Amino acid sequence: MFDEDVLHCLEECAAFELTYSATKQVQLPLRLGGLGLRSVSNHSPSAYIASVSNTIDIASAPITSQRLKEAVALYNSMVNPADAIAFESVTSSPPQQHHLSGKIEETFFNTFLQNSMVCTRAWLRAVSATNANAWLRAIPSIHKDLALEPNEMQVLLKWWLGIPISSMNSKCPLCLKTLDPDGHHALTCRSGGDTITRHNKLRDCFANLCSKACLSPQLEKGPGIDFSRPADVLVPNWSLSRPAAFDLKVIHPLNTDLILEASMASGNSAECGEAGKHAKNDETCSELGWTCIPLVVEVYGGWGCEAQECFSKLSKRLAMQMGLSDSEALSQIYCLLGVTLMRQNARAILLRCPHIPLYEF
């Protein structure tokens, strides 16, 4: 009953009904694309095993010993055979609940992946990518530009959880193409300039972070030939006195040319985007004496490897200027960029999809 009450509370707050798959997804941790609303019934064996084995002398409590054996058997039925635990190991080396619960969640996630179609696997890989959940971790703050409007948050949650956000017969009001219920068209539609606005908002957010780190960023720099500008953001002194040209790109892992790669591992589509940026810009940047650094992000929020390396380096400089720890500065970078990306995603969806009524409190 408690699990159902939690899910009903989410439905009331978000003002939409959860689908069956969404009820399972929200119970996963953020790192696996969920909302962290753990199921008490699913995790009761791990909680019992950890608490009892860490606090009671099992040898002197035969009744408790039998119940612990039953809890171990129930736990083993919920995880992969490779992650099963033995009663003897539990009593000799008491486990931690977070470790046991993590194995339960990973088993469910992997089972969900294995039983899904390619498009669903690509989506699950995308929402569980490293730091894709930064927008959910961010503490809402209007002052820090980390706040989302209620209708933006609502539509983002539906999209994140795979709940249909438009009917199959709906038409995009800007290009008149048929909308899909998963919001793919809304986030890739070229009409209306939303993809450009999203790109520019991310560019400006990154440039602002560079400014706070005293890196003197410059926008839209390049040789000017054929309107080519390999640097959305140019940092004159990034490493060893060498300028760095940062080129941003938002990529959708469910695009037909990327979906198979995206379904195989998290971040694959971002890596493809990085390779494309290098093929396009490396020669020009080399002639200018610049280092080409692609900043590629999947539409669900997962960044490419080169972007992650860049943010790690930027966080150290940002931390020194703002009096933060490196980890705090790095979290701030991901949260600001994540909320900026998701805000633009929400606005693109809301502009094209039928009005979604909000709950009246």
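Residues numbered from 1 in each chain as written. Predicted model: local features only at pLDDT ≥ 70, side-chain atom pairs only at ≥ 80, totals over all residues. Heavy atoms only, no water.

1. Some words on the overall build of the chain
Part 1 of the argument: Scanning the chain from N- to C-terminus turns up 15 helices and 4 strands.
Part 2 of the argument: Taken along the three principal axes of its C-alpha coordinates, the chain extends 80 × 55 × 40 Å.
Part 3 of the argument: Counting the 361 residues in the chain, one finds 47% classified as buried.
Part 4 of the argument: In the chain, the share of contacts with a sequence separation of at least 24, taken over all contacts with a separation of at least 6, comes to 61%.
Part 5 of the argument: Each charge class in the chain can be summarised by its mean position, and for the 30 positive and 36 negative side chains these summaries are 5 Å apart. (Helix = DSSP H or I, 4+ residues; strand = E, 2+ residues; numbered from the N terminus. Buried < 20%, exposed > 50% of the residue type's maximum accessible area, 1.4 Å probe, protein only. Contact = heavy atoms within 4.5 Å. Lys, Arg positive; Asp, Glu negative; His and termini not counted. Charge placed at Lys NZ, Arg CZ, Asp CG, Glu CD.)

2. Some details on the packing of aromatic side chains
Part 1 of the argument: Taken as a whole and judged by the stated rule, the model has 10 aromatic pairs.
Part 2 of the argument: Between tryptophan 159 and tyrosine 300 the ring centres are 4.5 Å apart and the planes differ by 5°, which places this aromatic pair in the stacked class. With tryptophan 159 in helix α9 (residues 150-160) and tyrosine 300 in the loop between β4 (291-298) and α14 (305-322), the pair connects residues that are 141 residues apart, well separated along the chain.
Part 3 of the argument: Note on tryptophan 159: relative accessible area 3%, which makes it buried.
Part 4 of the argument: With 5.1 Å between their ring centres and 65° between their planes, phenylalanine 206 and phenylalanine 246 make a pair best called edge-to-face. Taken together, the positions of phenylalanine 206 in helix α11 (residues 194-212) and phenylalanine 246 in strand β3 (residues 242-251) put the pair 40 residues apart, joining distant regions of the chain.
Part 5 of the argument: You can call phenylalanine 206 buried: its relative accessible area is 1%. (Phe/Tyr/Trp six-rings, centres within 6.5 Å; stacked < 30°, edge-to-face > 60°.)

3. A closer look at the sheet that holds β3
Part 1 of the argument: What the 4 strands build is an open sheet, ordered β1-β2-β3-β4; its pairing is mixed. Each edge of the open sheet is held by one strand with a lone partner, namely β1 (218-221) and β4. Taking the axes of each pair of neighbouring strands and ignoring which way they run, one obtains an average angle of 40° across the sheet.
Part 2 of the argument: Pairing of strand β2 (residues 231-239) with β3, which is carried by 4 bridges, proceeds in the antiparallel orientation. The residue bridging serine 239 from the neighbouring strand is arginine 242, located in β3. (Pairing = 2+ DSSP bridges. Axes fitted to C-alpha atoms, helices over the stretch in contact; angles between N-to-C directions.)

4. A short note on the state of the cysteines
Part 1 of the argument: For the structure shown, the criterion picks out 0 disulfides.
Part 2 of the argument: Here cysteine 13 is not cross-linked by a disulfide; its sulfur's nearest cysteine counterpart is in cysteine 9, at 4.2 Å.
Part 3 of the argument: Of all cysteine sulfurs, the one in cysteine 205 lies closest to cysteine 335, which takes part in no disulfide; the gap is 11 Å.
Part 4 of the argument: In this structure cysteine 335 comes out as buried when scored by relative accessible area, which is 7%. (Disulfide = S-S within 2.5 Å.)

5. Focus: the pairing of β3
Part 1 of the argument: Burial analysis of β3 places 7 of its 10 residues in the buried class, which makes it a mostly covered element.
Part 2 of the argument: Here β2 hands over to β3 after 2 residues, with leucine 240 in that stretch at a positive phi of 55°.

6. Some points on the pattern of salt bridges
Part 1 of the argument: Tallied over the entire structure, the rule returns 11 salt bridges.
Part 2 of the argument: With a closest N to O distance of 3.3 Å, arginine 343 and aspartate 145 form a salt bridge. With arginine 343 in helix α15 (residues 326-352) and aspartate 145 in the loop between α8 (134-137) and α9, this pair connects stretches of sequence that are 198 residues apart.
Part 3 of the argument: Given a relative accessible area of 42%, aspartate 145 falls into the partly exposed group.
Part 4 of the argument: Ionic pairing is found between arginine 347 and glutamate 152, a salt bridge with its closest N-O pair at 2.8 Å. With a gap of 195 residues between them, arginine 347 in helix α15 and glutamate 152 in helix α9 connect regions that are remote in the sequence.
Part 5 of the argument: Assessed through its relative accessible area of 41%, arginine 347 is described here as partly exposed.
Part 6 of the argument: Accessibility expressed as a relative area gives 4% for glutamate 152, which makes it buried. (Salt bridge = Lys/Arg side-chain N within 4 Å of Asp/Glu carboxyl O.)

7. Observations regarding the pairing of β4
Part 1 of the argument: Counting buried positions along β4 yields 7 of 8 residues, so the element is predominantly enclosed.
Part 2 of the argument: Summarising the sheet, β3 and β4 pair through 8 bridges and their orientation is parallel. Paired with valine 250 across the strands is valine 297, a residue of β4.

8. Comments concerning the nonpolar core
Part 1 of the argument: Core analysis: the biggest nonpolar cluster contains 79 residues, and Phe206, Phe246, Leu295 and Phe311 have the highest contact counts within it.
Part 2 of the argument: Element by element, the count of residues in this core is highest for α15, at 12 residues.
Part 3 of the argument: In contact with phenylalanine 246, not counting residues within four places along its chain, are Phe206, Pro230, Ala231, Asp232, Val233, Val235, Trp238, Ile293, Leu295 and Cys310.
Part 4 of the argument: Judged by nonpolar contacts, the second largest core, of 12 residues, contains Ile49, Ala71, Ile85 and Leu100. (Core = buried A, V, L, I, M, F, W, Y, C linked by side-chain atoms within 4.5 Å.)

9. Details of unusual backbone geometry
Part 1 of the argument: Although it is not a glycine, leucine 176 sits at a positive phi angle of roughly 70°.
Part 2 of the argument: Topologically, leucine 176 is positioned in the loop between α9 and α10 (184-188).

10. Describing the packing of helix α13 (residues 268-288) against α14
Part 1 of the argument: Running from N to C, α13 and α14 cross one another at 85°; their axes reach a closest spacing of 8 Å. Classed by the angle they form, the pair α13 and α14 counts as roughly perpendicular. Contact residues: α13 offers Glu271, Glu274 and His278, while α14 offers Cys305, Glu306 and Ala307.
Part 2 of the argument: Considering only residue class, the contact of α13 with α14 consists of 2 nonpolar, 1 polar and 3 charged. (Parallel < 35°, antiparallel > 145°, perpendicular 65-115°, else oblique. Nonpolar A, V, L, I, M, F, W, Y, C, P; charged D, E, K, R; others polar.)

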